[in-house]
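Commentary on secondary and tertiary structure
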4 protein chains.
Amino acid sequence: MNKNRPKYKQIIDAAVEVIAENGYHSSQVSKIAKKAGVADGTIYLYFKNKEDILVSLFQEKMGQFIEKIEEDIKTKSNAKEKLLAMIKTHYGLLSEDHHLAIVTQLELRQSNKDLRLKINDVLKRYLLVIDHIVEDGKAEGLFHESLDLRLVRQMVFGTLDETVTNWVMNDQKYSLTDQAEEVHELLIHGLTIHAK
Amino acid sequence: MNKNRPKYKQIIDAAVEVIAENGYHSSQVSKIAKKAGVADGTIYLYFKNKEDILVSLFQEKMGQFIEKIEEDIKTKSNAKEKLLAMIKTHYGLLSEDHHLAIVTQLELRQSNKDLRLKINDVLKRYLLVIDHIVEDGKAEGLFHESLDLRLVRQMVFGTLDETVTNWVMNDQKYSLTDQAEEVHELLIHGLTIHAK
Amino acid sequence: MNKNRPKYKQIIDAAVEVIAENGYHSSQVSKIAKKAGVADGTIYLYFKNKEDILVSLFQEKMGQFIEKIEEDIKTKSNAKEKLLAMIKTHYGLLSEDHHLAIVTQLELRQSNKDLRLKINDVLKRYLLVIDHIVEDGKAEGLFHESLDLRLVRQMVFGTLDETVTNWVMNDQKYSLTDQAEEVHELLIHGLTIHAK
Amino acid sequence: MNKNRPKYKQIIDAAVEVIAENGYHSSQVSKIAKKAGVADGTIYLYFKNKEDILVSLFQEKMGQFIEKIEEDIKTKSNAKEKLLAMIKTHYGLLSEDHHLAIVTQLELRQSNKDLRLKINDVLKRYLLVIDHIVEDGKAEGLFHESLDLRLVRQMVFGTLDETVTNWVMNDQKYSLTDQAEEVHELLIHGLTIHAK
DNA sequence: TATGAATGAGACTTCATTCAT
DNA sequence: AATGAATGAAGTCTCATTCAT
């Protein structure tokens, strides 16, 4: 199924818009087709089924998302700065694309377990980025050697995800990017008082 | 309606089981009724509609959940210990009830926006518990006065939620309670090296 | 089933009220029971089933209706006056009981064919009254001997019924009784110009 | 929607048959679809919902009905003949289509108030035809100037409707058209003896 | 490639009636 | 006689997917 054809991207972008505007359960294939300017049947020339649209949407968008983050991190010299860059880019990209933020944080979570497992597969690459930063930090002597990689990864991702979700649920009415530094600080030093 | 009748609890418990075993979208009212040992129509003597079963389920279970946590915290004398108690009880209660863990972490998230909003209402009480601990910590001079309550709350809840969800998605095959102390440590001190 | 008990009438009157206020399809047995001040199950001590309430309602009310008309007619000395008396009483009784008018003209017509057949049985006695008037008129030399009894009966009843139904559907906002004389005139002399 | 497609008419005709044969309350959408030779879902490509089938049925059939009557009347030169033509066509058309007669006289009356209001809208056009005839009759000096248009309309329609309903309820076992002239006579001259 | 009319499975909820008390 | 909690059958409509053109 020809991923290079313009209609492929057309349909995915239509899906983001339709889902953001109507919500997951009111986003029928026919609505997506209409927004994309193609016939219902045409969807099935590019996607195996409805779930495939959503998985592809997530792969496509999250792929770009991760690439951007990987790029931005490369320019940083230590784990602390890399973590800050990751947070800033994570917040920044979602701030720039409100529709995508709604879709990934709220709507796509309503999907069934199968779809969520596939989404998790896509997310693994992002989690690897976190893992690398932590490993770097350990190597640099900045982070404890004994940190459990899995737990740290879950804390970092859980925190970012929860902050973004709350921001979306509050209608994105405050600045997400403005809180990047404090979140970074919290993750690095935790709740207790410490020497800066 | 009739919350004191045994059938009310019977139906809620049946709902947890059925949803955990079949998934949200395959949990028909008739299946729940059968498991509860009542007629389909009986469900509607105790619940307004299907969504009401789920909201009530969440209220009932999460209510007990929060009560237990509030009780456990009362016995602790400082914010740090309170936080640890909260984590241990949070992990402990979900470890004890595998079905409930599946339902709250995975299945109930597939519900529509309306139901999710009602669920969020119930969660607010839990978030308040976190807030109180953080305020205590500030008063004790243990936590920074400048900590943003909202961000901390989101970090703590996001971390707990993400760790539990991963545990559930990995078929609960490792011990959740065993990681309570390290998660506590991470939240308290963050990623960097520090004097214990 | 004990028609002499006070609850029998209580339930029938409750049924009239409930149906007039809620419409045929929103008049559940439980609503009628509540209005009558008895338990749902009690209804079934006095009536075989729901349809039996409605048939009984019609029999009871229509019985009184016809008795009144028969009485009023007795006092009149010729067919023309009898017809006028019948129309006046028909209109008068329904004008006095708005609830009953709504129930008989609109709501009870929504019942199924079975119930309507039973209702027709009750109506036969009323149709006989019409028949007798026509026969009287023929004997008096006032009406044509050749008039088809069935057709005349249908014209008279059809006209009365249609006028009352329209009056009810127009929210009873004009006087029904005021038009008795003109309707009588129309039935007696038809549409064409004639010597009075 | 799509009123020109053959399936639109197919479904309406199937609905008439199914309702005539099974009665209003036993006419499930699936039964109509089966009789029409289409899938259940196809119904909803042509009709908004089940009620819409019935309203459309009535509009379609009653529209043709009225058109025929209007045509027939045009050829007549005075009100008396027009009235006779109307009665004959009214009786004639329903005699020709027994299924339709059952549906319009008995089954559709069991519908709820909403549907009946919509049906009344359609009927208004027919009532206008009656009104025009009466006005013509007045202009010709045939009918009394003082006749109340509303009452006359109700007498004429009430009489026709009642005679047809009785014919249908008696299983259409006598000739409806044969009584057209006498009904006409009754409406024109009433019950009393008069010079022809 | 593209179309879009047609398909048909699947579930929530109501409410007349029963029967143990 | 009276209660009222419990029963369970039954039907409309949606929407992902197909396939003839």
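Residues numbered from 1 in each chain as written. Chains lettered and ligands numbered in written order. Predicted model: local features only at pLDDT ≥ 70, side-chain atom pairs only at ≥ 80, totals over all residues. Heavy atoms only, no water.

Per an unreviewed UniProt entry, chain A is named TetR/AcrR family transcriptional regulator, and its organism is Pontibacillus chungwhensis.

**Comments concerning the interface of chain D and chain C**
By a frequent convention, interface size equals the accessible area lost on bringing the separate parts together. On the chain C side, the residues contacting the 43 residues of chain D number 44 residues. With both sides pooled, the region where chain D packs onto chain C buries about 4100 Å², and carbon together with sulfur makes up 62% of that total. At the junction of chain D with chain C, the criterion picks out zero salt bridges. Applying the counting criterion to the chain D and chain C interface returns 13 residue pairs in polar contact (both at pLDDT 80 or more). If you tally residues by element for the side of chain D that touches chain C, the top one is helix α8 (residues 149-169) of chain D, at 12 residues. Among the residues making up the side of chain D that touches chain C, the classes are represented as 17 nonpolar, 18 polar and eight charged. (Contact = heavy atoms within 4.5 Å. Buried area = accessible area lost by both parts, 1.4 Å probe. Salt bridge = Lys/Arg side-chain N within 4 Å of Asp/Glu carboxyl O. Polar contact = N/O pair within 3.5 Å; in protein donor to acceptor, adjacent residues only side chain to side chain. Helix = DSSP H or I, 4+ residues; strand = E, 2+ residues; numbered from the N terminus. Nonpolar A, V, L, I, M, F, W, Y, C, P; charged D, E, K, R; others polar.)

**Focus: the domain arrangement of chain A**
All names here are of chain A. Split into domains, chain A comes out as domain 1 (1-47) and domain 2 (51-189). For domain 1 and domain 2, the distance between their C-alpha centres works out to 26 Å. Listed per partner, the contact involves 18 residues of domain 1 and 17 residues of domain 2. Between domain 1 and domain 2, roughly 1500 Å² of surface is buried when both sides are summed, and carbon and sulfur atoms account for 71% of that area. In this structure, the connection of domain 1 to domain 2 is made through two salt bridges. When the shortest N-O distance is used, the salt bridge between Lys-9 and Glu-60 registers 2.8 Å. At the boundary of domain 1 with domain 2, the tally comes to four residue pairs in polar contact (both at pLDDT 80 or more). Where the side of domain 1 that touches domain 2 is concerned, the elements lending two or more residues are α1 (6-22) and α3 (40-46). For the side of domain 1 that touches domain 2, the element with the highest residue contribution is α1, accounting for 11 residues. Residues of the side of domain 1 that touches domain 2, tallied by class, amount to 11 nonpolar, two polar and five charged. (Domains from an automatic or database assignment.)

**Observations regarding unusual backbone geometry**
Excluding glycine, residues mostly have negative phi values, and the peptide bonds linking residues are mostly trans. Phi is positive for B:Asp171, close to 60 degrees, though the residue is something other than glycine. Along the chain, the position of B:Asp171 falls in the loop between α8 (149-169) and α9 (180-189). What makes B:Asp171 exposed here is its relative accessible area of 63%. Its identity as a non-glycine residue notwithstanding, C:Gln172 has a phi of 55 degrees, on the positive side. Residue position: C:Gln172 is located in the loop between α8 (149-169) and α9 (180-189). (Buried < 20%, exposed > 50% of the residue type's maximum accessible area, 1.4 Å probe, protein only.)

**Some words on the side chain of A:Ser27**
Residues and elements named next belong to chain A. Following the sequence through the fold, Ser-27 ends up in the loop between α1 and α2 (29-36). Taking the relative accessible area as the measure of exposure, Ser-27 reaches 3% and is therefore buried. With residues up to four places along the chain from it excluded, the contact list for Ser-27 reads Val-18, Ile-19, Asn-22, Ile-32 and Lys-50.

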